[in-house]
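Structural overview
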Amino acid sequence: MPTRRDFLSTAAAAGAASLLPRDAAAAPAALPSAGTRRARPVVVGSSNGIRGVKLAYDRIAAGDDTLDAIIAGVNITELDPDDQSVGLGGLPNAEGVVQLDASCMHGPTRRAGAVGCLEDIATPSLVAKAVMDYTDHVMLVGEGARKFAIEMGFKPQDLLTERSRQDWLRWKSRLNANDAYLDHDADVAIKFTTGTINMNAVNAGGDISSVTTTSGMAWKVPGRVGDSPIVGAGQYCDNLVGAAGSTGRGEANIKVCGAFLTVEFMRQGLAPAQAALKTLERIVAMTEARLLDARGRPRFDIQFYAVAKDGRYGGATLVDGASFAVCDERGPRLEKCVALYQRG
Ligand code: SD4
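As a starting point, this report considers the structure included with it. These numbers come from a predicted model, not from an experiment.

Below, the discussion takes up the environment of Arg110. Structurally, the position occupied by Arg110 is in the loop between β2 (100–106) and β3 (111–118). On the basis of relative accessible area, Arg110 is assigned to the exposed category, the value being 64%. In this structure the C-alpha to C-alpha distance between Arg110 and Ile208, which are 98 residues apart in sequence, comes to 10.0 Å.

Printed below as a string of structure tokens:
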């Protein structure tokens, strides 16, 4: 079992993408995994994880732990300054501060970790795993999460890129037509929500893991926490059944515990895409009137992605048109989500 001192010296020597020790040596003994059944290894995630699903799949094929593999997959996006939905370069909150959320679950050991409102650390997925590996807690938030990460050897850095700062300034300038800022309407289409990355994997032994990481909703009220770091909402994994995760309006997901619900629907026998679709129906049923259009459809986007223990997978979205990333023995690709509503 590595000590914290071992961890710190490893972390000091390593880059961000390899900060954590090789899996879960600190964990309780793994559950017996798939039993006699062999699973079809597969990695499934949001479409912005197309590079990550390939990396994660290759690592799982080489024998890596499923959670280490998918965290390495989402690290690509977290560390990419050009992705404004996650980690470095994520769009900031209303005060121009980048606050990150992430959570993960490791099926074989039934453990979970999460961070909310984490500042200055580009890889919140790895901090969530450190919470899981090195504390008796599941979730740390805000300044406590930041201090913990720095103690663990993560390097603080300014996460606000010039591009995201410019977008934030433009958003601010348009808040009030009568303020002292000049509007630049032609400049840019201001984004109000961002992307997030979720990834779920099953290996040949039927072991399963899930992770979700995000900079959350752009221009959010400082301190706002979305669904991504909420175990059971942003992601969930049960090694006996499967895993699921979400991108889109976190406030809608939190109210239905959507990742947990999707896994529960799979436990009841639904295929992953059908389970995800049924969770979307629950979301619609739980949507307050102010967020519904004249036809009773939500005015926001949300998607769920799911894998079953035997390697079946799927994605579902509210309105037709979204895709999800998948990698199996046929290689990485985008596939179409099933949709609750057709466009138009
Ligand atoms: C959140 N679910 O913080 C995230 C944001 C997201 O596409 O996924 N946007 O609510």
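What follows is about a nonpolar patch on the surface. A surface patch of nonpolar side chains, about 280 Å² in accessible area, is lined by Val138, Met139, Val141 and Val231. Within the fold, Val138 resides in the loop between α4 (124–134) and β4 (139–141).

This brings us to the pairing of strand β7 (residues 235–238). Judged by which residues are buried, β7 turns out to be covered on both faces: Gln235 and Cys237 on one side and Tyr236 and Asp238 on the other are all buried. Here β7 runs beside strand β8 (residues 242–248); their pairing, made up of four bridges, is antiparallel. If you follow Cys237 over to β8, its bridge partner there is Ala243. Linking β7 to β8, which pair antiparallel, is a turn of three residues.

Before going further, it helps to examine the pattern of salt bridges. Per the stated rule, a full pass over the model turns up 21 salt bridges. The shortest N-O distance in the salt bridge between Arg59 and Asp64 comes to 2.7 Å. Here Arg59 falls in the partly exposed class, since its relative accessible area comes to 27%. You can call Asp64 buried: its relative accessible area is 13%. The partner of Arg165 in a salt bridge is Glu162, with the nearest N and O atoms 3.1 Å apart. Of the two residues, Arg165 and Glu162 are both situated in helix α6 (residues 162–173); the distance of three residues between them amounts to about one turn of the helix. The network of salt bridges with shared partners includes Arg40, Asp328, Glu329, Arg333 and Glu335.

What counts, and at which threshold
Residues numbered from 1 in each chain as written. Predicted model: local features only at pLDDT ≥ 70, side-chain atom pairs only at ≥ 80, totals over all residues. Heavy atoms only, no water. Helix = DSSP H or I, 4+ residues; strand = E, 2+ residues; numbered from the N terminus. Buried < 20%, exposed > 50% of the residue type's maximum accessible area, 1.4 Å probe, protein only. Patch = residues over 30% accessible without salt bridge, like charges linked within 9 Å, V, L, I, M, F, W, Y side chains within 5 Å. Areas by Shrake-Rupley, 256 points an atom, 1.4 Å probe, with all protein chains shown as cover. Salt bridge = Lys/Arg side-chain N within 4 Å of Asp/Glu carboxyl O. Pairing = 2+ DSSP bridges.

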